[in-house]
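# A closer look at the structure
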Amino acid sequence: MLYQRSSQLFIDAQKVIPGGVNSPVRAFKSVGGTPIFVKSAKGAYLFDEDGNRLIDYINSWGPMILGHAFEPVVNAVIERTKKGTSFGMPTELETEIAKLAIAMVPGIEKIRFVNSGTEACMSAIRLARGFSSKDKIIKFAGCYHGHSDSFLIQAGSGASTFGTPNSPGVTTGTAKDTLLATYNDLENVSQLIAANPNEIAAIIVEPVAGNMGCIPPKPGFLEGLRELCTANNILLIFDEVMTGFRLAKGGVQELYGVTADIVTFGKVIGGGLPVGAFAARSEIMNYLAPIGPVYQAGTLSGNPLAMAAGLAMLKSIDEDATLFQRLEEKTAYLEAGMHGAFGNEEFPYTINRVGSMISVHFDAMPVVDFQSAAKGDNEMFKKFFHGLLNEGVYIAPSAYETWFITDALTYDDLDFTIEAIRKVSKKLT
Ligand SMILES: *Cc1c(COP(=O)(O)O)cnc(C)c1O
């Protein structure tokens, strides 16, 4: 496939936008080559500026779970737009989507809408700190909670010591309040809690990890976190920005039967518009301004277009009794096809999957945490990525990303993809 026009647009973009992109992974740095500029998208397909059609396995990093340009969402936004695009005043729409989200997700009584997953997670820990009057949080290496300062902490110095910032601009003062733990390692979490008695406000976790590839929680891991939090008066925050409304109507809380104290959302909840949200029982949410002392605000929060898109999206998911079954079957089909394609080859690989989240790691060992995810062969991944792209299949341009399966994919699309994987895997070694 040719990417002449994309290459030209990328050159232009780099003159006025740092790295040519408004979010770093888009730049293809870890796989090399030129990012593809999108002209339009419909259903399971992207159409780029060079006229290529690509089958999309990223789907805007999750939101397009029902396909691109999904009609109920598009129509809701068009209709809403005609009535004005922002007021900075309350609308009935906000209550409507809040009620629906609360009905779909276990354990939450109030919800506040923001503009991104980053904002949701940042606000959630502020709320947790305000509510508990404690400063420290525990996060897991390899879990991503957006780009706010407290979360940009690296595992480099070992899980039992204070984190060091992994971006200039994050102060050591901020970093010292973020403790790092190893995903799927309860013992490690217990030790951190014991070493910091009465200092930990919250544990934040991706309850199914999706930002180091897809990593399921080991049996007992989430239950163990729940017990440790309850026993030590720590708030458990499930970051369901990726998993919320994707793995089940009620997200991971419903899927695994474990209840968090605060839940964060993004991606699917906005139907493709910039939306995030955080939610909890009333006792906690009432700590927020204007009724409580914890300040949190936003000029465009609850924006009517964003709320209209989100509401149309959540309604479609809520009313579709077989959606999650179909997503499970399609993704399992892809997984089986991939095993079929890889099975004849010599290279080591691991496939992880939960529902419609799936990832491939070019390493034979189980991928259960950041350390094991980092062992994958990146050179092999680059070849895999570009091979698939050449066949018209677009997966995330990084070995640390999950594929997001959309319901718009047909079995013909999946067969086409599996055939492409078969072709490409023959040339990997
Ligand atoms: C994407 C993501 C975020 C950040 O959301 P943005 O909308 O990109 O700010 C936070 N947490 C998780 C688990 C995510 O996948």
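## Quick notes on the site of the ligand
- Every residue close to the ligand is listed here: Ser116, Gly117, Thr118, Tyr144, His145, Gly146, Glu206, Asn211, Asp239, Val241, Met242 and Lys267.
- A distance of 3.2 Å separates an oxygen atom of the ligand from a polar atom in the side chain of asparagine 211.
- Contact distances for the ligand include 2.6 Å between a nitrogen atom and a side-chain N or O atom of aspartate 239.
- Starting from 380 Å² of accessible surface for the ligand in isolation, the protein chains cover 83%.
- Residue composition of the shell around the ligand, by class: three nonpolar, six polar and three charged.

## Overview of the layout of surface pockets
- Roughly 770 Å³ of volume is contained in the second largest pocket.
- Residue lining of the second largest pocket: 31 residues in total, with Glu94, Ile111, Arg112, Phe113 and Ser301 positioned closest to the centre.
- Looking at the lining of the second largest pocket, the elements that each hand over two or more residues are helix H3 (92-104) and strand E4 (110-114).
- The residue makeup of the lining of the second largest pocket, split by class, is 16 nonpolar, 11 polar and four charged.

## Quick look at the pairing of strand E10 (residues 235-239)
- Counting buried positions along E10 gives five out of five residues, so the element sits mostly inside the fold.
- By the alternation rule, side chains of E10 split into Leu235, Ile237 and Asp239 and Leu236 and Phe238, which are all buried.
- Where strand E9 (residues 200-205) meets E10, four bridges bridge the pair, whose relative direction is parallel. Residue pairing in the sheet places isoleucine 203 in a bridge with leucine 236 of E10.
- Once you follow E9 into helix H7 (residues 221-232) and on to E10, the crossover reads as right-handed.
- Relative to strand E11 (residues 262-265), E10 runs parallel, the two being bridged by three bridges. Residue pairing across strands places isoleucine 237 opposite isoleucine 262, the latter belonging to E11.
- The handedness of the E10 to E11 crossover, carried by helix H8 (residues 251-256), is right-handed.

## Points about the environment of glycine 392
- Structurally, the position occupied by glycine 392 is in the loop between helix H13 (378-390) and strand E15 (393-394).
- As for glycine 392 and leucine 46, which are separated by 346 residues in sequence, their C-alpha atoms are 9.6 Å apart.
- When residues no more than four places from it in sequence are discounted, the contact partners of glycine 392 are Met1, Arg53, Leu54 and Ile55.

## Quick notes on helix H11 (residues 323-343)
- The end-to-end C-alpha distance of H11 is 30 Å, a good match for the 30 Å that 21 residues give at a rise of 1.5 Å each.
- Within H11, the full set of buried residues consists of Leu323, Phe324, Leu327, Lys330, Thr331, Leu334, Glu335, Gly337, Met338, Ala341 and Phe342. Down the axis of H11, the sector holding all buried residues measures 165°, keeping them to one side.
- Buried residues belonging to H11 abut helix H10 (304-319), strand E13 (350-354), strand E14 (357-361), H13, strand E16 (403-404) and helix H14 (411-426).

Parameters and conventions
Within each chain, residue numbers correspond to sequence positions counted from 1 in written order. pLDDT decides what is reported in this predicted model: residues at 70 or higher carry local features, side-chain atom pairs at 80 or more are listed and counted, and totals for whole chains, interfaces and linings draw on all residues regardless. With hydrogens and water set aside, each side-chain value is computed from the structure's full complement of heavy atoms. The cutoff for a nearby residue is simple: one of its non-hydrogen atoms must lie within 4 Å of the molecule or strand. The term polar contact refers here to a pair of N or O atoms within 3.5 Å; inside protein, the definition further demands a hydrogen-donor-capable atom paired with an acceptor-capable atom, and it admits residues adjacent in sequence only when both atoms are side-chain atoms. Computed by Shrake-Rupley with a 1.4 Å probe, the accessible areas treat only the displayed protein chains as cover when residues are assessed. Asp, Glu, Lys and Arg are counted as charged, while Ala, Val, Leu, Ile, Met, Phe, Trp, Tyr, Cys and Pro are counted as nonpolar; the rest, among them Gly, fall into the polar class. Only protein atoms enter the 1 Å grid, on which a cavity is a set of points fitting a 1.4 Å probe that cannot get out and a pocket is an open set with protein on both sides within 12 Å along at least 5 of 7 lines, lining residues being those with an atom within 4 Å of a point. Grid points are joined across faces, edges and corners, and a volume is the space filled by probe spheres set on the points. Under the DSSP-based scheme used, a helix requires at least four consecutive residues in state H or I and a strand at least two consecutive residues in state E, with every element numbered from the N terminus. Any residue under 20% of the maximum accessible area for its type is buried, any over 50% is exposed, and the rest in between are partly exposed; the area is computed with a 1.4 Å probe on protein chains only. Being paired, for any two strands, means DSSP has found at least two bridges between them. By definition, the crossover connecting two strands over a helix is right-handed if that path, from the first strand to the second, turns clockwise as seen with the strands pointing away from the viewer. For this analysis, residues touch if any pair of their heavy atoms sits within 4.5 Å. To estimate how far a helix should extend, the number of its residues minus one is multiplied by 1.5 Å. The reported arc concerns the directions from the helix axis to the C-beta atoms and nothing else.

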